[in-house]
Amino acid sequence: MKAGFIGPGKVGVSLARYFSHRNIHISGFYGKNEDSLKKASEITDTTAFSSIEELLKNSSIIFVTTPDDTISEIDKLISQYDLSGKSVCHTSGSLCSDVLSNAEKSGALVYSIHPMFAFSDKFTDLEKLKKIYFSIEGKSTDENTEAIEILKLLGNNYFVRSADSSASYHLASVVVSNLALSLFNIGGKYLEQLGLSEKQAFEALLPLIQGNIDNIEKNGYTSSLTGPVARGDISPVKKHLGVIRESDENIYKDLSSNLIKLVAKRNSMEFEELISKSDKYSELYKLLGGKE
């Protein structure tokens, strides 16, 4: 098995480093930016291929780690060659494997193999990568296919998803990654109103963020509930709504309403049952814009 990478960016280089760490042979990289290509090959101690044809000849499984908008262009480019016996995978979580339809017509088995991780640079901590999940989608996901075999060699947890689940799958990642980042920023703005810098506000909130994640990992969602909504404490919620920016109000109400649903689950009740039997949660739900 020889893995080649088209796209010498942070995802491609980080994955190549990790694959190599797991004793998977890396043939090298191809990319249009010569500086990035050279740096990728130096970091991974692999070949910087001068043509995509050379990379294809020297690789049995090819990972397309370019931005989403260019994957279809790569698909057209590599489909000019005989890809029989090869596997071609892109690493986008939002696109299905069928974006590689031309490569499939040229003989390749095609996949979407998505690492569930936010890569911020090319030097991702390999110990962190040991803990991540991969998902795989494609027509051929038998145990003996090279794509599945490489996931087994990595030793990471992985799961197979269907093509029609791609939007929901990617939404899950975006909510807890990109949207959570936005939520942290929104929360920090209220401390900045008190005179803290953006950095100070984040440092002040970080123990809360990390503590919450640790609690959820250890105890699950419902056992980690804290705060006024979890307690059914109406007064603080009224005060929040009195000072919240209009642009943040719907976010606050929607997320708080979901917390009430988690309270119901914690109490082994249906949401409607909790609202009908508890005066405080009924009042709180109305305050948040809900209707019985």
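Residues numbered from 1 in each chain as written. Predicted model: local features only at pLDDT ≥ 70, side-chain atom pairs only at ≥ 80, totals over all residues. Heavy atoms only, no water.

Overview of the pattern of salt bridges
Spelled out, the test is: Salt bridges, as used here, are contacts in which a Lys or Arg side-chain nitrogen is within 4 Å of a carboxyl oxygen on Asp or Glu. In this text, helices come from DSSP runs of H or I with a minimum length of four residues, and strands from runs of E with a minimum of two, each type numbered from the N-terminal end. Exposed residues in this analysis have more than 50% of their type's maximum accessible area, buried residues have under 20%, and partly exposed residues fall in between, with area computed by a 1.4 Å probe over protein chains only.
Under the counting rule described, the total for this entry stands at ten salt bridges. Ionic pairing is found between Lys189 and Glu192, a salt bridge with its closest N-O pair at 3.9 Å. Note that Lys189 and Glu192 are positioned in helix 8 (residues 166-192) at a spacing of three residues, about one turn of the helix. With relative accessibility at 24%, the residue Glu192 sits in the partly exposed group. Between Lys199 and Glu203 there is a salt bridge, with its nearest N and O atoms 2.4 Å apart. Taken together, the residues span about one helical turn, with Lys199 and Glu203 both in helix 9 (residues 198-219) at a distance of four residues. With a relative accessible area of 58%, Lys199 lands in the exposed category. Via salt bridges that share partners, Glu53, Glu54 and Lys57 belong to a single interconnected network.

Here we look at helix 9
In an α-helix, one turn spans 3.6 residues, which is why side chains three or four residues apart end up on the same side. Applicable threshold: Expected span, for any helix, means 1.5 Å times one less than how many residues it has. Given a residue, its bend is the angle between the two axes fitted to the seven residues that end at it and to the seven that start from it.
Over its 22 residues, helix 9 extends 31 Å from the first C-alpha to the last, a length consistent with the 32 Å expected when each residue adds 1.5 Å. Leu205 marks where helix 9 bends most, by close to 40 degrees; the proline Pro207 follows one to four residues later. Trailing helix 9 by a residue or two, Gly220 shows a phi angle of about 90 degrees, which is positive.

Structural notes on the domain arrangement of the protein
To keep it simple, the criterion reads: Residue ranges assigned to each domain were obtained from an automatic or database domain assignment. Note on contacts: a residue pair is in contact if any heavy atoms of the two residues lie within 4.5 Å. Reported buried area values correspond to the accessible surface (1.4 Å probe) lost by two parts on association, with both partners' losses combined. Within 3.5 Å is the distance limit for a polar contact, defined as a pair of N or O atoms, with the added protein rule that one can donate a hydrogen and the other accept it, and that residues adjacent in sequence qualify only through two side-chain atoms.
The domain architecture assigned to the protein consists of domain 1 (3-163) and domain 2 (168-288). The partner domain 2 presents four residues to the eight residues of domain 1 that form the contact. Per-residue buried area on domain 1 facing domain 2 is highest for Gly93, Ser94 and Met116; these three make up 53% of the total on that side. At the junction of domain 1 and domain 2, the tally comes to zero salt bridges. On the surface where domain 1 and domain 2 come into contact, there are two residue pairs in polar contact (both at pLDDT 80 or more).

Section: the packing of aromatic side chains
A ring pair, where both rings are aromatic, is described by two values, the distance of the centres and the angle of the planes. As a reminder, the rule being used: Two rings from Phe, Tyr or Trp (for Trp, the six-membered ring) form a pair when their centres sit within 6.5 Å of each other. Planes less than 30 degrees apart are called stacked, planes more than 60 degrees apart edge-to-face, and all others tilted.
What the rule picks out here adds up to eight aromatic pairs. Seen in terms of ring centroids, Phe5 and Phe19 are 5.8 Å apart; in terms of plane orientation they differ by 50 degrees. Their pairing is tilted. Highlighted residues: Phe5 in strand 1 (residues 2-6) and Phe19 in helix 1 (residues 10-21), separated in sequence by 14 residues. For the pair shown, Phe5 and Phe19 are each scored as buried. Taken together, a centroid distance of 5.3 Å and an interplanar angle of 70 degrees make the contact between Phe19 and Phe63 edge-to-face.

Considerations on the sheet that holds strand 6 (residues 109-115)
This is how it is decided: When DSSP finds two or more bridges between two strands, those strands count as paired. Each axis is a line fitted through C-alpha atoms, and for a helix only the stretch in contact is used; angles between axes span 0 to 180 degrees, taken between their N-to-C directions.
Read from one edge to the other, the open sheet built from eight strands follows the order 3-2-1-4-5-6-7-8, with strand pairing classed as mixed. Looking at which strands have only one partner, the edges of the open sheet turn out to be strand 3 (47-48) and strand 8 (158-160). Pairing geometry for strand 7 (residues 134-138) and strand 8, over three bridges, is parallel. Bridge pairing in strand 8 places Ile136 opposite Val160. Sitting on the sheet, helix 7 (residues 146-154) touches strand 1, strand 4 (61-64), strand 5 (87-90), strand 6, strand 7 and strand 8, and the angle it makes with strand 7 is about 175 degrees.

Notes on the pairing of strand 7
Along a regular strand, successive side chains alternate from one face of the sheet to the other. Our working definition: Here a crossover is taken to be right-handed if, once the strands point away from the viewer, the path from the first strand over the helix to the second is traced clockwise.
The buried fraction of strand 7 amounts to five of the five residues, a majority that puts the element mostly inside the structure. Of the two faces of strand 7, the one holding Phe134, Ile136 and Gly138 and the one holding Ser135 and Glu137 are both buried throughout. One ladder, built from five bridges, connects strand 6 with strand 7; its direction is antiparallel. From the neighbouring strand, Ser112 faces strand 7, where its bridge partner is Glu137. Tracing the backbone out of strand 7, into helix 7 and back to the parallel element strand 8 gives a crossover that is right-handed.

Looking at the UniProt feature "domain: Putative oxidoreductase/dehydrogenase Rossmann-like" (unreviewed entry) in the protein
Just so we agree on the cut-off: UniProt positions are given in the numbering used here, feature names are shortened, and annotations may be inferred rather than shown by experiment.
Look at the UniProt record and you will see "domain: Putative oxidoreductase/dehydrogenase Rossmann-like" (unreviewed entry) annotated at residues 2-115. Taken end to end, residues 2-115 is 39% helix and 25% strand, and its first and last C-alpha atoms sit 19 Å apart.

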